[in-house]
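Read off the chains here:
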Amino acid sequence: YFQGKNGSGKTEFFYFLDYMLGSESIKLDGKEWYQELKKATLVYTKNDTRYYFTRYKDASKNYFHINDEPDEKCTLEQYKLFLSVVVTDENSSNLQVI
């Protein structure tokens, strides 16, 4: 959970994290951070492997890559699948299948 004083940004951080995890349900147009957003990258490290998930404000621009491999453009649905596999699969071997 997030703990902090009122007005310290807990809810905005939650919205940003939700956005990075693939959410489309929250209306972000009125959020100041979203208005300024060009792109954001979430880096997840597991077993000495780094997974990079990048979203642009343009919903058609989503990218994924592992360690130093080149970015792979993907749809938002693929982005969510990659993220789900990386977070839940012990060895992430299913990434080659997707």
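Whatever comes next refers back to the structure up there.
Criteria and thresholds
- Residues numbered from 1 in each chain as written.
- Predicted model: local features only at pLDDT ≥ 70, side-chain atom pairs only at ≥ 80, totals over all residues.
- Heavy atoms only, no water.
- Patch = residues over 30% accessible without salt bridge, like charges linked within 9 Å, V, L, I, M, F, W, Y side chains within 5 Å.
- Areas by Shrake-Rupley, 256 points an atom, 1.4 Å probe, with all protein chains shown as cover.
- Salt bridge = Lys/Arg side-chain N within 4 Å of Asp/Glu carboxyl O.
- Helix = DSSP H or I, 4+ residues; strand = E, 2+ residues; numbered from the N terminus.
- Buried < 20%, exposed > 50% of the residue type's maximum accessible area, 1.4 Å probe, protein only.
- Pairing = 2+ DSSP bridges.
- Phe/Tyr/Trp six-rings, centres within 6.5 Å; stacked < 30°, edge-to-face > 60°.
- Lys NZ or Arg CZ within 6 Å of the ring centre and 35° of its normal.

### Topic: a nonpolar patch on the surface
Thinking step 1. On the surface, a nonpolar cluster with roughly 300 Å² of combined accessible area is contributed by Phe2, Phe13 and Phe14.
Thinking step 2. For Phe13, the location among the structural elements is in helix H1 (residues 10-20).

### Description of the pairing of strand E2 (residues 49-56)
Thinking step 1. Counting buried residues in E2 gives six out of eight residues, a clear majority hidden from the surface.
Thinking step 2. Pairing geometry for strand E1 (residues 39-46) and E2, over eight bridges, is antiparallel. When the bridges of E2 are listed, Tyr44 appears paired with Tyr51.
Thinking step 3. What sits between the antiparallel neighbours E1 and E2 is a turn of two residues, in which Asn47 has the positive phi angle 50°.
Thinking step 4. The antiparallel hairpin formed by E2 and strand E3 (residues 62-66) contains five residues in its connecting segment.

### Description of the packing of aromatic side chains
Thinking step 1. Tallying each qualifying case throughout the model produces nine aromatic pairs.
Thinking step 2. With a centroid separation of 5.4 Å and an interplanar angle of 90°, the aromatic rings of Phe16 and Trp33 are classed as edge-to-face. Placement of Phe16 in helix H1 and of Trp33 in helix H2 (residues 32-36) is noted, with a sequence separation of 17 residues between them.
Thinking step 3. For Phe16, a relative accessible area of 28% gives the class partly exposed.
Thinking step 4. With 5.8 Å between their ring centres and 75° between their planes, Tyr19 and Tyr34 make a pair best called edge-to-face. Remark: Tyr34 occurs in helix H2 and Tyr19 occurs in helix H1; sequence separation between them is 15 residues. Each member of the pair, Tyr19 together with Tyr34, is buried.
Thinking step 5. Through a chain of ring-to-ring contacts, the aromatic side chains of Phe16, Tyr19, Trp33 and Tyr34 assemble into a single cluster.
Thinking step 6. Geometry around Tyr19 places Arg55 over its ring, the cationic atom sitting 4.0 Å from the centre.
Thinking step 7. Positioned above the aromatic ring of Tyr56, the side-chain terminus of Lys61 is 5.4 Å from the ring centre.

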